[in-house]
Amino acid sequence: MANKTIYLAGGCFWGLEDLFRAEPGIVDTEVGYTGGSNENPDYHNHPGHAEALAITYDAYQTSYAAILNFFFRIHNPTTKDRQGNDVGSSYRSAIFYQDNDELKSAQDMIETVNTSGLYPDPVVTTLETYQKFYSAEDYHQDYLQKNPGGYTCHYVRSDKSLIA
């Protein structure tokens, strides 16, 4: 098995996790914080960090591009520091790339999204170098499975794939 991990932020991490966990090739998901300035952030102290999702996937069953394709269809990447009712840099749309191949793939996907017509406004998703991922508190993990009526602003905005 060739497991890899991708780190994404697109608003509240609960909704991202809930939708990604059911995607083909996804082995594991974990919510947490990345992209900020302090060590060992938590929900009440995570300056600069985004609420993010670590997605472990089987590269034989899915691809980095396929995961980005789904990511851009389940959140609004055109609102700066905002998803639904959640506002602030913690809720930014971001891709935390680990190498030049991931960066290029992310740049290509943003261009594809911008020309697709899926959103009337341009993508504001930031491309940030991955540094370190910090796991969120236990009560945040699998939150919407534990609390099926819990808040989410994520949903599939388009069933149509952005890639061939």
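The structure under discussion appears in the preceding block.
This is a predicted model, so every value here is computed, not measured. (Residues numbered from 1 in each chain as written. Predicted model: local features only at pLDDT ≥ 70, side-chain atom pairs only at ≥ 80, totals over all residues. Heavy atoms only, no water.)

Pairing of strand β1 (residues 3-10) with strand β3 (residues 50-58), which is carried by 6 bridges, proceeds in the antiparallel orientation. Looking across to β3, one finds that Tyr7 is bridged to Ala54. In terms of strand pairing, β1 meets strand β6 (residues 93-97) through 4 bridges, oriented antiparallel. What sits directly across from Gly10, in β6, is Ser93. (Pairing = 2+ DSSP bridges. Helix = DSSP H or I, 4+ residues; strand = E, 2+ residues; numbered from the N terminus.)

Judged by how many residues are buried, helix α2 (residues 64-74) sits mostly within the fold: 9 of 11 residues are covered. Along α2, the residues that are buried comprise Tyr64, Ile67, Leu68, Asn69, Phe70, Phe71, Phe72, Arg73 and Ile74. (Buried < 20%, exposed > 50% of the residue type's maximum accessible area, 1.4 Å probe, protein only.)

Before going further, it helps to examine the pattern of salt bridges. Taken as a whole and assessed by the stated rule, the structure comprises 6 salt bridges. Measuring nitrogen to oxygen at the nearest pair gives 3.8 Å for the salt bridge that ties Arg21 to Glu17. The partly exposed category is assigned to Arg21, whose relative accessible area is 23%. For Glu17, a relative accessible area of 1% translates into the label buried. Linked by salt bridges that have partners in common, Glu17, Asp18, Arg21 and Asp142 make up one network. (Salt bridge = Lys/Arg side-chain N within 4 Å of Asp/Glu carboxyl O.)

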